Amino acid sequence: MKTMNCKQLGGACKKTFSANTFEELVELSKQHGMDMLKKQDAAHVQAMAKVNILMQNPTEMQAWFDNIKAQFEDLPEDD
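Residues numbered from 1 in each chain as written. Predicted model: local features only at pLDDT ≥ 70, side-chain atom pairs only at ≥ 80, totals over all residues. Heavy atoms only, no water.

**Some thoughts on the side chain of Lys2**
Line of reasoning, step 1. Within the element layout of this structure, Lys2 appears in strand β1 (residues 2-5).
Line of reasoning, step 2. Despite its burial, Lys2 pairs with no opposite charge; the closest candidate is Glu77, at 4.4 Å N-O.
Line of reasoning, step 3. There is a polar contact of 3.3 Å between the side chain of Lys2 and the backbone oxygen of Phe72.
Line of reasoning, step 4. Ignoring sequence-local partners within four residues, the contact set of Lys2 consists of Phe17, Ser18, Ala19, Leu25, Phe72, Glu73, Asp74, Leu75, Pro76, Glu77 and Asp78. (Helix = DSSP H or I, 4+ residues; strand = E, 2+ residues; numbered from the N terminus. Buried < 20%, exposed > 50% of the residue type's maximum accessible area, 1.4 Å probe, protein only. Lys, Arg positive; Asp, Glu negative; His and termini not counted. Salt bridge = Lys/Arg side-chain N within 4 Å of Asp/Glu carboxyl O. Polar contact = N/O pair within 3.5 Å; in protein donor to acceptor, adjacent residues only side chain to side chain. Contact = heavy atoms within 4.5 Å.)

The structure is reproduced here in structure tokens:
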């Protein structure tokens, strides 16, 4: 299992997510993002706006996503 925080995943806070795979971690992060969006948390809304801009350029979005995935893969397993 590995752990990353919201900010490391493009978000706005230090809430941590732990998962066995990057895909699981992304799903946890997405759920958190949706919860924060429902609450209209300004910092998270701003972070999501930046990701939405990236999504308009598939090449840049894929590079960003691949970078975060590589960071996950490089993490040591949690104790």
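Read on, since the account is not over.
**Brief notes about the pattern of salt bridges**
When the charged atoms of two side chains with opposite charge come close together, those side chains can pair.
Line of reasoning, step 1. Scanning all chains against the criterion turns up two salt bridges.
Line of reasoning, step 2. We note a salt bridge from Lys69 to Glu23, for which the minimum N-O separation is 3.6 Å. Of the two residues, Lys69 is situated in helix α3 (residues 58-74) and Glu23 in helix α1 (residues 22-38); the sequence distance between them amounts to 46 residues.

**Section: helix α2 (residues 42-55)**
Line of reasoning, step 1. With 14 residues, α2 extends 20 Å from end C-alpha to end C-alpha; this agrees with the ideal 20 Å at 1.5 Å per step.
Line of reasoning, step 2. Those residues of α2 that are buried are in contact with α1 and α3. (Expected span 1.5 Å × (residues − 1).)

**Quick look at the packing of aromatic side chains**
How two aromatic rings sit relative to each other is set out by the distance from centre to centre and by the angle between their planes.
Line of reasoning, step 1. The full count for this structure, using the stated rule, is two aromatic pairs.
Line of reasoning, step 2. Ring centres of Phe22 and Phe65 lie 5.2 Å apart, and the angle between their planes is 70°; this geometry places the pair in the edge-to-face category. A residue pair is termed long-range when its members are at least 10 positions apart, and Phe22 in helix α1 and Phe65 in helix α3 qualify at 43 residues.
Line of reasoning, step 3. Using a relative accessible area of 31% as the deciding quantity, one classes Phe65 as partly exposed.
Line of reasoning, step 4. Ring geometry for Phe22 versus Phe72: centroids 5.7 Å apart, planes at 50°, classification tilted. (Phe/Tyr/Trp six-rings, centres within 6.5 Å; stacked < 30°, edge-to-face > 60°.)

**Some details on the layout of surface pockets**
Line of reasoning, step 1. Approximately 570 Å³ is the volume attributed to the largest pocket.
Line of reasoning, step 2. Lining the largest pocket we find 21 residues, and of these Leu9, Ser29, Lys30, Val51 and Trp64 sit closest to its centre.
Line of reasoning, step 3. At the level of elements, α1, α2 and α3 are the ones that each hand at least two residues to the lining of the largest pocket.
Line of reasoning, step 4. When grouped by side-chain class, the residues that make up the lining of the largest pocket number 13 nonpolar, seven polar and one charged. (1 Å grid on protein atoms, 1.4 Å probe; cavity = no way out; pocket = protein on both sides within 12 Å on 5 of 7 lines; lining within 4 Å. Points joined across faces, edges and corners; volume = space filled by probe spheres on them. Nonpolar A, V, L, I, M, F, W, Y, C, P; charged D, E, K, R; others polar.)

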